[in-house]
Amino acid sequence: DGAHPRGDPARRGNPDGRLKAGLDADYRAANATLTFLAAGMKGHVLQRDGVPVDARAAAQLRDAGLAVIDRVTKKAAAELDRLLHARIAGFEERLWWTLALAAVIALLAVTLAGWIGRGISRSLAAMSTTMTALAGSNLDIAIPGLGRRDEVGAMAKAVQVFKDNAIENRRLVE
């Protein structure tokens, strides 16, 4: 009937149908020749319509059948080779797209990590500068990061406690 379901194994690797279309005529010819040979064999004598076929005619039939089989084999091999190369090209294209996507994701990850690291190092550098100033008795310096809700904010609160204690000690000494 010519209709093939999508799951047909003959179609799965050959969605455009070129392999089957290219082989149909030769397959029918080979099938007819082989059917004739099989039906004509009666007791090792090839017959056509009940009349024995001479050796020369039998050899011609055999050669014709072998030629058809050879054509089918060559067409199938060429088409399978084409399909293999098409599939490899598809895999290579998907591989390059996947590698490009992975490179973009890696670049974004490195950029994000650098941005986060730079933010943390700037906060810690500012905290270090503030702590050095407090150690040098500069109690008028503002503590950076007091409003933050992360580890830097916790450090800022601890430094604020040291600053408040230093201010109280200075007040008591004076």
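Residues numbered from 1 in each chain as written. Predicted model: local features only at pLDDT ≥ 70, side-chain atom pairs only at ≥ 80, totals over all residues. Heavy atoms only, no water.

Caption draft 1: Seen up close, the overall build of the protein chain. Across its full length, the protein chain carries 4 helices and 3 strands. In the protein chain, of all internal contacts separated by at least 6 residues, the share reaching a separation of at least 24 is 52%. Carbon together with sulfur atoms contributes 64% to the accessible area of the protein chain, which is approximately 13,100 Å² in total. (Helix = DSSP H or I, 4+ residues; strand = E, 2+ residues; numbered from the N terminus. Contact = heavy atoms within 4.5 Å. Areas by Shrake-Rupley, 256 points an atom, 1.4 Å probe, with all protein chains shown as cover.)

Caption draft 2: Main features of helix H4 (residues 151-173). Here H4 is 23 residues long and its end C-alpha atoms lie 33 Å apart, about the 33 Å a rise of 1.5 Å per residue gives. Of the positions making up H4, those classed as buried are Val152, Gly153, Ala156, Val159, Gln160 and Lys163. (Expected span 1.5 Å × (residues − 1). Buried < 20%, exposed > 50% of the residue type's maximum accessible area, 1.4 Å probe, protein only.)

Caption draft 3: Spotlight on the environment of Ala29. Here Ala29 shows up in helix H2 (residues 18-40). Look at Ala29 and you get partly exposed, because its relative accessible area is 28%. Along the sequence, Ala29 and Gly65 sit 36 residues apart, while their C-alpha atoms lie 8.1 Å from each other.

Caption draft 4: Up close: the side chain of Thr130. Mapping Thr130 onto the fold places it in helix H3 (residues 55-135). Here Thr130 is in contact with Ile141, Ala142, Ile143, Pro144 and Val159, once residues within four sequence places are set aside.

Caption draft 5: Looking closely at unusual backbone geometry. For Ser137, which is not a glycine, the phi torsion comes out positive at approximately 70°. In this fold, Ser137 is placed in the loop between H3 and H4. Its relative accessible area of 46% is what places Ser137 among the partly exposed residues.

Caption draft 6: Highlighting the nonpolar core. Met127, Leu134, Leu139, Ile143, Val152, Ala156 and Val159 form the largest nonpolar core, which has 7 residues in total. Residue assignment for this core shows that the elements contributing at least two residues are H3 and H4. Broken down by element, this core gets its largest block of residues, 3 residues, from H4. Excluding its chain neighbours within four sequence positions, the residues that come into contact with Val152 are Ser123, Met127 and Gly145. Counting 5 residues, the second largest nonpolar core, distinct from the first, contains Leu23, Ala30, Val68 and Val72. (Core = buried A, V, L, I, M, F, W, Y, C linked by side-chain atoms within 4.5 Å.)

Caption draft 7: Looking closely at a nonpolar patch on the surface. On the surface, a cluster of nonpolar side chains totalling about 580 Å² of accessible area is made up of Leu112, Trp115, Ile116, Ile120, Leu124 and Met155. Top element by residues in the nonpolar patch is H3. It accounts for 5 residues. Mapped onto the elements of the fold, Leu112 is located in helix H3. (Patch = residues over 30% accessible without salt bridge, like charges linked within 9 Å, V, L, I, M, F, W, Y side chains within 5 Å. Salt bridge = Lys/Arg side-chain N within 4 Å of Asp/Glu carboxyl O.)

Caption draft 8: Seen up close, the side chain of Ser123. On the secondary structure map, Ser123 appears in helix H3. A polar side-chain atom of Ser123 sits 2.7 Å from a polar atom in the side chain of Arg148. Here Ser123 is in contact with Arg148 and Val152, once residues within four sequence places are set aside. (Polar contact = N/O pair within 3.5 Å; in protein donor to acceptor, adjacent residues only side chain to side chain.)

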